[in-house]
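Summary of structural features
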Amino acid sequence: ESEEAKIVIPYIRGVLDAMGISVGPTHGEVMMTSDGPCLVEMNCRAHGGDGNWVPMVRGLNGGYSQVSATIDAYMDPSRFHALPDKMPSPFK
């Protein structure tokens, strides 16, 4: 894990907790500043608008997208619960 990920992931999870969001896809944007993370936006929606990002996301994180994970949460809970807590990063 990168140093940024070690800061941003707990930060975003804290934002979601503060907003009372515990299920469903979310889209968040954070800027890293010299003082730490700064929230730009947080929304209850999947990232992207037209879905052309799905093949790229599946290729980068091991085969899942926010859309397929949300469907699994309702239709195949065991498959959903098998997802990793943090998706693998394709960037080293």
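Source: prediction; values computed, not measured.

**Remarks on the nonpolar core**
Counting residues in each nonpolar core, the largest one holds 5 residues, listed as Ile 12, Val 15, Leu 16, Ile 21 and Met 42. Considering each element in turn, this core owes the most residues, 3 residues, to helix H1 (residues 3–19). Excluding residues that lie within four positions of it along the chain, Leu 16 makes contacts with Ile 21, Thr 26 and Met 42.

**Describing the pattern of salt bridges**
Per the counting criterion, the structure on display carries 3 salt bridges. The salt bridge partner of Lys 6 is Glu 3, with a shortest N-O separation of 3.5 Å. Of the two residues, Lys 6 and Glu 3 are both situated in helix H1; the distance of 3 residues between them amounts to about one turn of the helix. You can call Glu 3 exposed: its relative accessible area is 53%. Among the salt bridges present, the one from Glu 41 reaches Arg 45, with a minimum N-O distance of 3.8 Å.

**Considerations on the confidence of the model for the chain**
In the predicted model, the chain carries a mean pLDDT of 84, and 89% of its residues have values of at least 70. Per-element averaging of pLDDT across the chain places helix H2 (residues 54–61) at the bottom with 75 and strand E2 (residues 36–43) at the top with 94.

**Some details on H1**
Compared with an ideal rise of 1.5 Å per residue, which puts 17 residues at 24 Å, H1 spans 25 Å between its outermost C-alpha atoms and is within 8% of the ideal. What H1 keeps buried is the set Ile 12, Val 15 and Leu 16. Across the axial projection of H1, the buried residues extend over an arc of 95 degrees, all falling on one side. Looking at H1, the residues exposed on the side facing more than 90 degrees away from the buried face are Glu 3, Asp 17 and Ala 18. Where H1 is buried, its residues touch strand E1 (27–33) and E2. Two residues or fewer after H1 comes Gly 20, characterised by a positive phi angle close to 75 degrees.

Calculation criteria
Residues numbered from 1 in each chain as written. Predicted model: local features only at pLDDT ≥ 70, side-chain atom pairs only at ≥ 80, totals over all residues. Heavy atoms only, no water. Core = buried A, V, L, I, M, F, W, Y, C linked by side-chain atoms within 4.5 Å. Buried < 20%, exposed > 50% of the residue type's maximum accessible area, 1.4 Å probe, protein only. Helix = DSSP H or I, 4+ residues; strand = E, 2+ residues; numbered from the N terminus. Contact = heavy atoms within 4.5 Å. Salt bridge = Lys/Arg side-chain N within 4 Å of Asp/Glu carboxyl O. pLDDT = per-residue confidence, 0-100. Expected span 1.5 Å × (residues − 1). Arc of directions from axis to C-beta.

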